[in-house]
Amino acid sequence: MSVPAWLSDYSNRLMVESNGNLVRWMHVAPWKQDVESCDRVGLIQAIPAGDAERDAKGRQ
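Remember, predicted model here, so these are calculated numbers, not experimental data.

Colleague: Give a detailed account of the side chain of N12, specifying residues and quantitative values.
Modeller: Position of N12 among the secondary structure elements: in helix 1 (residues 5–17). Taking the relative accessible area as the measure of exposure, N12 reaches 3% and is therefore buried. For N12, the contacting residues outside a window of four places in its chain are D34, S37, C38, V41 and L43.

Colleague: So what about the environment of I47? Which residues, and what values?
Modeller: Mapped onto the elements of the fold, I47 is located in the segment after strand 2 (44–46). A sequence separation of 22 residues divides I47 from W25, and the C-alpha atoms of the two residues are 5.6 Å apart. Excluding anything up to four places from it in sequence, I47 contacts W25, P30 and V35.

Colleague: How would you summarise helix 2 (residues 32–41) if you had to cite specific residues and measurements?
Modeller: Think of an α-helix as 3.6 residues a turn; residues three or four steps apart then line up on the same face. All of the buried residues along helix 2 are Q33, D34, S37, C38 and V41. The buried residues of helix 2 all sit within an arc of 135 degrees when viewed along its axis, so they share a single face. Opposite the packed face of helix 2, turned more than 90 degrees from it, sit the exposed residues K32 and D39. Buried residues in helix 2 make contact with helix 1 and strand 2. Count one or two residues on from helix 2 and you reach G42, which has phi positive near 80 degrees.

Colleague: I'd like to hear about the pattern of salt bridges, residue by residue, with values.
Modeller: Tallied over the entire structure, the rule returns 2 salt bridges. Across the pair D9 and R40 runs a salt bridge, and its minimum N-O distance is 2.9 Å. Separated by 31 residues along the polypeptide, D9 in helix 1 and R40 in helix 2 bring together distant segments of the chain. Of the residues examined, D9 reaches a relative accessible area of 14% and is grouped as buried. One salt bridge connects K32 with E36, and the closest N-O pair in it is separated by 2.6 Å. Separated by 4 residues within a single helix, K32 and E36 lie in helix 2, roughly one turn from each other. For E36, a relative accessible area of 33% gives the class partly exposed.

Here is what the cut-offs are and how they apply
- Residues numbered from 1 in each chain as written.
- Predicted model: local features only at pLDDT ≥ 70, side-chain atom pairs only at ≥ 80, totals over all residues.
- Heavy atoms only, no water.
- Helix = DSSP H or I, 4+ residues; strand = E, 2+ residues; numbered from the N terminus.
- Buried < 20%, exposed > 50% of the residue type's maximum accessible area, 1.4 Å probe, protein only.
- Contact = heavy atoms within 4.5 Å.
- Arc of directions from axis to C-beta.
- Salt bridge = Lys/Arg side-chain N within 4 Å of Asp/Glu carboxyl O.

If you want it as structure tokens, here you go:
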């Protein structure tokens, strides 16, 4: 991973300190590091399914 864990904590903490309370990952799955960072700083996440945000058909 090219981004150190402290940098994820720093940017996520800035969101919390700016009264942000939710991150919705758009069109991509978050890195494991970002998921763990949000847990550490108390930031809620919404992670959409990996179906390109449309009705899933057939085997997934």
